[in-house]
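Secondary and tertiary structure notes
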Amino acid sequence: QVQLVESGGGLVQPGGSLRLSCAASGSIFGIYHMGWYRQAPGKQRELVARITSIISGGSTNYADSVKGRFTISRNNAKNTVYLQMNSLKFEDTALYYCNANFRGEDYWGQGTQVTVSS
């Protein structure tokens, strides 16, 4: 129903910044709740940030570990959701996945790797 493609990952130094993008196609973007998840080796996949659909008001929520450092946003005209990541830490290293949800159905991107290293 919707296809998701992440971009913007890479290698960054501690304290640095990255902006991840997730481009959606194949459906009406605005009806989906959107989120970013991440998974590090040996750990469960965890919610990083979420932003609700246009109808739901585009409200956001964040994992405690990223509050104050990460910002999720969406540009509905461009069918794109972003994750601005500032003050990156070693523990932010993970494969980051874009997620779309509509009426309980989940759709996932292929993931983009973020590595924080000195």
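Residues numbered from 1 in each chain as written. Predicted model: local features only at pLDDT ≥ 70, side-chain atom pairs only at ≥ 80, totals over all residues. Heavy atoms only, no water.

**Side note on the environment of Arg38**
- With respect to the helices and strands, the residue Arg38 is situated in strand β4 (residues 33–39).
- Owing to a relative accessible area of 5%, Arg38 belongs among the buried residues under this scheme.
- If near-sequence neighbours (up to four positions away) are discounted, Arg38 is found in contact with Gln44, Arg45, Glu46, Val48, Ser65, Val66, Phe70, Glu91, Asp92, Ala94, Leu95 and Tyr96.
- Here Ser65 takes part through its side chain, which lies 3.4 Å from a polar atom of the side chain of Arg38.
- Reaching out from Arg38, the side chain makes a polar contact with the side chain of Tyr96 at a distance of 2.9 Å. (Helix = DSSP H or I, 4+ residues; strand = E, 2+ residues; numbered from the N terminus. Buried < 20%, exposed > 50% of the residue type's maximum accessible area, 1.4 Å probe, protein only. Contact = heavy atoms within 4.5 Å. Polar contact = N/O pair within 3.5 Å; in protein donor to acceptor, adjacent residues only side chain to side chain.)

**Observations regarding the pattern of salt bridges**
- Taken as a whole and assessed by the stated rule, the structure comprises 4 salt bridges.
- Between Asp92 and Arg38 there is a salt bridge, with the nearest N and O atoms lying 2.9 Å from each other. In this pair, Asp92 sits in the loop between β8 (80–85) and β9 (94–102) while Arg38 sits in strand β4, placing the two residues 54 residues apart along the sequence. Considered together, Asp92 and Arg38 belong to a single accessibility category, that of buried residues.
- A salt bridge links Asp92 to Arg69, with the nearest nitrogen and oxygen atoms 2.8 Å apart. (Salt bridge = Lys/Arg side-chain N within 4 Å of Asp/Glu carboxyl O.)

**Section: the side chain of Arg69**
- When you line up the elements, Arg69 lands in the loop between β6 (60–62) and β7 (70–75).
- Aside from chain neighbours lying at most four places away, what touches Arg69 is Gln84, Met85, Asn86, Ser87, Leu88, Lys89 and Asp92.

**Some points on the sheet that holds β7**
- A sheet is described by the order of its strands in space; here 4 strands give the open sequence β1-β3-β8-β7, paired in antiparallel fashion. On the outer flanks of this sheet lie β1 (3–7) and β7, each paired with one strand and no other. Sheet twist, expressed as the mean angle between neighbouring strand axes with direction ignored, is 15°.
- Bridging between strand β3 (residues 18–25) and β8 involves 6 bridges; their strand directions are antiparallel. Along β8, the bridge assignment pairs Ser21 with Tyr82. (Pairing = 2+ DSSP bridges. Axes fitted to C-alpha atoms, helices over the stretch in contact; angles between N-to-C directions.)

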